[in-house]
Amino acid sequence: MSGKKDLLTKNYIVALLAMVCCILWGSAFPCVKIGYRMFGISTGSTGSQILFAGCRFFIAGLLVILFESVQKKRFIYPHPKDYGKVVKLSIFQTIIQYDLFYIGLANTTGVKASIIIGSNVFVAILISGLIFRIEKITFNKIAGCIVGFAGVALINMNGADIDMSLKFTGEGFMFISTISYSVSSVLMKRYSQDCDPVMLSGWQFTFGGAVMAVTGLIAGGTMHPHSPEAFILGLYLAFISAVAYTLWGILLKHNPVSKVAVYGFMNPVCGVTLSALLLGETSQAFGLKGAISLLLVCLGIYAVNFKGVKS
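These notes cover the structure that comes with them. Worth saying up front: this structure is predicted, and the values here are computed from it rather than measured.

## Re the packing of helix 2 (residues 11-38) against helix 10 (residues 228-254)
In step 1: Where helix 2 contacts helix 10, the two axes come as close as 9 Å, and the packing angle between them is 155°. The angle between helix 2 and helix 10 places the two elements in the roughly antiparallel class. By crossing handedness, the relation of helix 2 to helix 10 is classed as left-handed.
In step 2: Classifying every residue of the contact of helix 2 with helix 10 by side-chain character gives 24 nonpolar, two polar and one charged.

## As for the environment of serine 293
In step 1: Looking at the secondary structure, you find serine 293 in helix 14 (residues 288-305).
In step 2: Overall, the relative accessible area of 0% leaves serine 293 in the buried class.
In step 3: Once the C-alpha coordinates of serine 293 and valine 147 are considered, the two residues, 146 residues apart in sequence, prove to be 9.6 Å apart.

## Describing helix 3 (residues 46-72)
In step 1: The end-to-end C-alpha distance of helix 3 is 39 Å, a good match for the 39 Å that 27 residues give at a rise of 1.5 Å each.
In step 2: Lysine 73, located one to two residues past helix 3, shows a positive phi value of around 60°.

## A closer look at the packing of helix 4 (residues 83-105) against helix 9 (residues 197-218)
In step 1: It is the contact of helix 4 with helix 9, at a shortest axis distance of 8 Å, that shows an interaxial angle of 45°. Taken together, helix 4 and helix 9 sit at an angle that is classed as oblique. Note on packing geometry: the crossing formed by helix 4 with helix 9 is right-handed. Only Leu200, Trp203, Gln204, Phe205, Phe207, Gly208, Gly209, Val211, Met212 and Thr215 of helix 9 make contact with helix 4, whose side of the interface consists of Lys85, Val86, Val87, Leu89, Ser90, Gln93, Thr94, Ile95, Tyr98 and Asp99.
In step 2: Grouping the constituent residues of the contact of helix 4 with helix 9 by class yields eleven nonpolar, seven polar and two charged.

Scoring rules and cut-offs
Residues numbered from 1 in each chain as written. Predicted model: local features only at pLDDT ≥ 70, side-chain atom pairs only at ≥ 80, totals over all residues. Heavy atoms only, no water. Axes fitted to C-alpha atoms, helices over the stretch in contact; angles between N-to-C directions. Helix = DSSP H or I, 4+ residues; strand = E, 2+ residues; numbered from the N terminus. Parallel < 35°, antiparallel > 145°, perpendicular 65-115°, else oblique. Left-handed = near helix turned anticlockwise from the far one by under 90°. Nonpolar A, V, L, I, M, F, W, Y, C, P; charged D, E, K, R; others polar. Buried < 20%, exposed > 50% of the residue type's maximum accessible area, 1.4 Å probe, protein only. Expected span 1.5 Å × (residues − 1). Contact = heavy atoms within 4.5 Å.

See the structure below:
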């Protein structure tokens, strides 16, 4: 067990597994757009989008529980003392984050949303250091966050003007969603010290997905799959969440929040690149701007992990 723990703290292993997560999450951006078309969900139908996401996360939770139960040859479930942890994690990681994400996205521009989401790494490091006090805030971490965030902002600039108007149900909800995600990362780090992060991931998705699906139905959401391929895509989206969040939780268990969270800067880069490949949106991904963005993100990751992260 000690050997496995030591392996999971090595920089190259953290980088490899974190990049797998980022590539999976990045593929979710274009796949969700494709999924909306396949399930007959219009761009402005927030209720249907929340229903779609809820079903995705509920299935993701079932996949995690099934896989881990088969691997351990017993059904995994939280003990009564862990019910509160599952519910709290689910509230921040799934329910608040994604409910407000979809509502906020419908009330702001894509560029503003992407930049706000890109701030989640910075917020996660600040919350872990200043509020939960589980690691130190250093110059390298702050500098790395600023450089990485610059890369995220650059790749989302597509000649569009960014006005300074703010709407609570738009940019406000997006920022609260970002804070919720950051809190969930710190909670996963704390709870996984005495709980199985795979179990936590599976059950928080199942609970949170069910709540989101019901919320979407109450809001008038509907889904009308147009072909059998729609169900295959839906299953893939559930697979993305199941694998990526589980791996992320395992990394958080064995490493400082900052060492893992900083790789979140790669999510928008992967998302834009894979959107270019799958949806033909090539204007942002390829060319000098895309290369500079990737370089800035890589420099930010290096800065945070320079000489190892001590906490």
